[in-house]
Structure formats: C-alpha cells, structure tokens
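Read off the chains here:
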Amino acid sequence: MELDDIRRRIAAAEKAAERAPGAVTLIAVSKVQPPDRVEAVLAAGHRVFGENYVQEAAGKWPRWRERFPGIELHMIGPLQTNKLKPALELFDAIHTLDRPSLAEKLARQVQARGACPQLFVQVNTGAEPQKAGVLPDEADAFIARCRALDLAITGLMCIPPEDLDPVPHFRALRDIAARNGLAGLSMGMSADFETAIAEGATHVRIGSAIFGARDYG
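Residue numbers restart at each chain and count upward from 1, following the sequence in its written direction. Where local features are concerned, this predicted model is filtered to residues with pLDDT of at least 70; where side-chain atom pairs are given and counted, the filter is 80 or more; whole-chain, interface and lining totals use all residues. Only hydrogens and water are set aside; all other atoms, that is, all heavy atoms of the structure, feed into the side-chain values.

### Section: the overall build of the chain
The secondary structure content of the chain amounts to nine helices and eight strands. Two things to know: the radius of gyration comes from C-alpha atoms, and the globule rule equals 2.2 Å times the number of residues to the power 0.38. For 217 residues, the compact-globule estimate of 2.2 N^0.38 gives 17 Å, and the C-alpha radius of gyration of the chain, at 17 Å, lies within 12% of that figure. With the C-alpha coordinates of the chain rotated into their principal frame, the extents come out at 45 × 40 × 35 Å. Between buried and exposed lies partly exposed: a residue is buried under 20% and exposed over 50% of the maximum accessible area for its type, with that area taken using a 1.4 Å probe on protein chains only. Going through the 217 residues of the chain one by one, you find that 47% of them count as buried. Per-residue and other accessible areas follow the Shrake-Rupley method at a 1.4 Å probe size, with only the shown protein chains counted as cover for residues. Roughly 10100 Å² of accessible area belongs to the chain as shown, and the carbon and sulfur atoms make up 51% of that amount. Positive and negative side-chain charges of the chain, numbering 26 and 28 respectively, have mean locations separated by a distance of 4 Å. Labels follow the DSSP assignment, with helices taken as runs of H or I lasting at least four residues and strands as runs of E lasting at least two, numbered in each case from the N terminus. Two residue types count as positive, namely Lys and Arg, and two as negative, namely Asp and Glu; His and chain ends fall outside the count. For charged residues, the charge sits on one atom: NZ in Lys, CZ in Arg, CG in Asp, CD in Glu.

### Remarks on the pairing of strand E3 (residues 72-75)
Two strands qualify as a pair provided that DSSP identifies no fewer than 2 bridges between them. For strand E2 (residues 48-51) and E3, the ladder comprises four bridges, and the chain directions are parallel. What sits directly across from Phe-49, in E3, is Leu-73. The definition of a right-handed crossover adopted here requires that, viewed with the strands pointing away, the path from the first strand over the helix to the second runs clockwise. Read from E2 through helix H3 (residues 54-67) to E3, the crossover connection turns out right-handed. Since E3 and strand E4 (residues 93-97) lie parallel, the crossover through helix H4 (residues 84-90) that links them has a hand, and here it is right-handed.

### Observations regarding the pairing of E2
Where burial is concerned, the two faces of E2 agree: the one with Val-48 and Gly-50 and the one with Phe-49 and Glu-51 are both buried. Of the strand pairs in this sheet, strand E1 (residues 25-29) and E2 are connected by two bridges, and their pairing is parallel. Counterpart to Val-29 in the pairing with E2 is Gly-50. After leaving E1, the chain enters helix H2 (residues 35-43) and then returns to the sheet as E2, a path that is right-handed.

### A short note on the packing of aromatic side chains
Each aromatic ring pair is described using two quantities: the centre-to-centre distance and the angle formed by the ring planes. Aromatic rings from Phe, Tyr and Trp, with only the six-membered ring used for Trp, were paired whenever their centres fell within 6.5 Å, and each pair was classed as stacked if the ring planes differed by under 30 degrees, edge-to-face if by over 60, and tilted otherwise. Per the stated rule, a full pass over the model turns up two aromatic pairs. An angle of 45 degrees between the planes, with centres 4.8 Å apart, marks the rings of Phe-49 and Trp-61 as tilted. Here Phe-49 is found in strand E2, whereas its partner Trp-61 is found in helix H3, with 12 residues between them in sequence. Across this residue pair, the class does not change: Phe-49 and Trp-61 are buried. Ring geometry for Trp-61 and Trp-64: centres 4.9 Å apart, planes at 70 degrees, overall edge-to-face.

### Quick word on the environment of Phe-193
Structurally, Phe-193 is set in helix H8 (residues 193-198). Given a relative accessible area of 0%, Phe-193 falls into the buried group. Sequence separation between Phe-193 and Arg-205 is 12 residues, and the spatial gap between their C-alpha atoms is 7.9 Å. Two residues qualify as a contact provided that any one of their heavy atoms is within 4.5 Å of a heavy atom in the partner residue. Residue contacts for Phe-193: discarding those within four places in its chain leaves Ile-6, Arg-9, Ile-10, Gly-188, Val-204 and Ile-206.

If you want it as structure tokens, here you go:
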C-alpha cells in the first residue's frame, strides 16, 4: 500500500541525510478522508495522524482511539481560541501556535489542566499575507513570550509558499530553531518531504501520498 512506499522513502531519505533510522515522525494527514481509507492505515499499524479541524476530529477519533490503542493526534490546522478547550482534550500535539492571544489563552488552559501537548510555533517563512504564522523576524520574541508563559515549546512548523523552492524556507526554520534551542522541525508534505528530511525535518505531514486525493464533495 502507499503507506509502505512512504515509509520506505522516509527511511531512504534518513539514510541519505546520515540521520538515525526513525529520526523522522510521519504524520498521516487524515482530514476530509473517507473512514475506510483511514481505517486501512490504522489496520496497517500506523498511529500518528494529523487533522486540520477540531470539530471534524472530535467526530471520528474518539471511537478510533477505543479500537486502536496508541493513537497520537496532531492539530495541524489553524486553531481558533474558542476551540481551544476541545482541542486540548483531543490532540497530543499542536503545530499551529501562531499568535500572542492564542498563547495566553493556551497557557491559562494548560495551567488549569496540569498538562500540555507538544507545541510547535508556526512561522510564516514566506511572509505571505494569506497565511497564518509568526513572521520570521518576530519569531525569537514570540518564542520567548511563550516560554515566559511557562509553555514548553517542542519546535517550529512552516508551510513554504507553493511553486517556490522550499529549501530556503526549511533552512530559515532550522536556523530559527537552532538559535532558540528547539529540536522539533515540522516541515515537509507530500511533494517535498524528502527535501525536508535532508534539511532536518523531525516531523513530516503527508496526506494525499498516503490516502489518495481528498474528496471535498
């Protein structure tokens, strides 16, 4: 199945980059995918999945968690502050921490819960006005602000501009992470994950290459 091919390609990319086997976490992006496709990937033993929408994830993952132990769910879409509480109940990782208001409300919720998911700061490496994310020249200050709120930051995430070479964006993210002492790099999708692995990605977010084209009908 396609999952096996992606696993082989990730392993080959790790080897080519002289990285340890298993250094890269594959996040299977299951948003808007038919249940049978997701269940086939679950049945094949994969347990790390990404979703874009809190409501969609809440409608399907609780029952899958009962059937398939060990699922790790990552929030990879924009997070509205009014969806923060259910998001914290659902997700083991949030890749889209992108603004001070979200950080402040997240910090209050985390303190109340006594538990915090893995947190990735989203950086808008292309400074694209239509995209969420902290601007690169504001990233250091935002990371420091999150830490001042006692939020433990795992790493950074980016989505490079479409139709441009992603390498400068991956390297920019890696540089920001390095100077802030962050190990996690969530970067690389179906079209460019091998390049991302060569540039240091620790998490790749792959949807269509595993599940096939999404049906938004």
